[in-house]
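What follows is each chain in one-letter form.
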Amino acid sequence: EATDAEPGQILVYRGTYRNRGSGELKNVVVVLPVPEEMAYIAGSAKPAAVEASIDRKTFFVIATPPKDTEPSAWKELRWSPLTLAPGAEIVVEVRAQVPAASR
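Below: a short report on this structure. Every residue gets a number counted from 1 within its own chain, in the order that chain's sequence is written. Under the rules for a predicted model, residues below a pLDDT of 70 receive no local features and side-chain atom pairs below 80 are neither given nor counted, while totals for whole chains, interfaces and linings still include all residues. Processing note: side-chain calculations cover all non-hydrogen atoms of the structure and skip hydrogens and water entirely.

Whenever a carboxyl oxygen of Asp or Glu lies within 4 Å of a side-chain nitrogen of Lys or Arg, that contact is scored as a salt bridge. Evaluated as defined, the whole model comprises eight salt bridges. Across the salt bridge formed by lysine 26 and glutamate 24, the nearest N and O atoms sit 3.7 Å from each other. You can call lysine 26 exposed: its relative accessible area is 59%. Across the pair arginine 56 and glutamate 76 runs a salt bridge whose closest N-O atoms are separated by 3.7 Å. Here arginine 56, found in the loop between β4 (51-53) and β5 (59-61), pairs with glutamate 76, found in strand β6 (residues 76-84); they are 20 residues apart in sequence, far enough to count as distant. In this structure arginine 56 comes out as partly exposed when scored by relative accessible area, which is 29%. Beyond isolated ion pairs, a larger network of salt bridges with shared partners links Arg14, Lys46, Glu93 and Arg95. Partly exposed residues are those whose accessible area sits between 20% and 50% of the maximum for their type, while under 20% is buried and over 50% is exposed, using a 1.4 Å probe and protein chains only. A run of DSSP states H or I qualifies as a helix once it reaches four residues; a run of E qualifies as a strand once it reaches two. Both are numbered from the N-terminal end.

Below is the structure:
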């Protein structure tokens, strides 16, 4: 957890999702928000097969973003659909930067 970050500093946000059940999970959707006042760093999403949203409602494939869309404006990233076998896990990650104007 980051409680204090300096302008220009890059933070890593990571989520780990595990299937602790005995059956396969299908159509899993993982959403990782980009914190307010942070700017997503283009190309930093892992796994790379991801969608992004500017308004947290409509998503687009990051390989083909809408015209005039800057990655720094993306507010959520979504990986879907995923399948997790029993005991399996997926780790998702994004990097975001503290803008110079936020302090």
